[in-house]
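Notes for the structure review
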Amino acid sequence: QLWPQIPISGILTLIFSSFFLPFLTSLCIFPMYMLVKKMYDFQTAFVAIVFWILTPSINLFVVEFDQIYPTLTILTLLLYFTGVKKRNLTYTFLAGLIFASGMFFKFIFVALPLLIFLFHVLHIHPRDKNISKTLPELALHLSIYITTAIIVYFSLYLATGFNYIT
């Protein structure tokens, strides 16, 4: 009796919020698996994925667009990590683009460069013992990462007058 009274837009909203948004959260398992496998091994990556899947509060209880943010964060970390390991600035640039898109939706992404700095110092630096080689590379990758987001927002401001701060 209730279904015929609901307009098609209401049904589409129900389907979108009930199935598509949790699906976006589950997409996080692919970059998470690749990141953890590159950092450690297959078994650790598998355990991380299982814990992610079995954490019900992440996928089921919040039906908002916020569910895409873990995917953007993990994908940014994966691209940054890949760029540093392969010494390829293209991956760092792509990580900066994802950082800029995440900041467009939520300002909390401003803290992500600090997380990446800590990730670089605590995980990548201890494996490379030559500090004179690692620190300039850290500065280069972080500057490209942050500059990419600044260029995106400056271009957006010039093209549309959109000011993210105000």
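Scroll up a little and you will see the structure.
A short tour of the structure in this document, coming up. (Residues numbered from 1 in each chain as written. Predicted model: local features only at pLDDT ≥ 70, side-chain atom pairs only at ≥ 80, totals over all residues. Heavy atoms only, no water.)

**A short note on the packing of aromatic side chains**
The description of two aromatic rings rests on the distance between their centres and on the angle between their planes. Summed over the entire model, instances satisfying the criterion amount to 6 aromatic pairs. Summarising the aromatic geometry, the rings of Phe104 and Phe105 are spaced 5.7 Å apart at their centres and angled 80° between planes, so their arrangement reads as edge-to-face. Taken together, the ring pairs in this structure connect Tyr33, Phe42 and Phe46 into an aromatic cluster. (Phe/Tyr/Trp six-rings, centres within 6.5 Å; stacked < 30°, edge-to-face > 60°.)

**Brief notes about unusual backbone geometry**
The phi angle at Arg87 is positive, at roughly 55°, despite the residue not being glycine. What makes Arg87 partly exposed here is its relative accessible area of 47%. (Buried < 20%, exposed > 50% of the residue type's maximum accessible area, 1.4 Å probe, protein only.)

**Quick word on the pattern of salt bridges**
The tally for this structure, following the rule as stated, stands at 1 salt bridge. For Arg87, the salt bridge goes to Glu137, with nearest N and O atoms at 2.5 Å. Residue Arg87 is found in the loop between α5 (69–86) and α6 (89–105), and its partner Glu137 is found in helix α8 (residues 131–160); the two are separated by 50 residues along the sequence. According to the relative accessible area criterion, Glu137 is buried, its value standing at 15%. (Salt bridge = Lys/Arg side-chain N within 4 Å of Asp/Glu carboxyl O. Helix = DSSP H or I, 4+ residues; strand = E, 2+ residues; numbered from the N terminus.)

**Here's the deal with the packing of α5 against α6**
For the pair α5 and α6, interaxial distance at closest approach is 7 Å and the crossing angle is 160°. As judged from the angle between their axes, α5 and α6 are roughly antiparallel. In terms of crossing hand, the pair formed by α5 and α6 is left-handed. Residue-level contacts link Tyr69, Leu72, Leu75, Thr76, Leu79, Tyr80, Thr82, Gly83 and Lys86 of α5 to Tyr91, Thr92, Leu94, Ala95, Ile98, Phe99, Ser101, Gly102 and Phe105 of α6. Partitioning the contact of α5 with α6 into residue classes produces 11 nonpolar, 6 polar and 1 charged. (Axes fitted to C-alpha atoms, helices over the stretch in contact; angles between N-to-C directions. Parallel < 35°, antiparallel > 145°, perpendicular 65-115°, else oblique. Left-handed = near helix turned anticlockwise from the far one by under 90°. Contact = heavy atoms within 4.5 Å. Nonpolar A, V, L, I, M, F, W, Y, C, P; charged D, E, K, R; others polar.)

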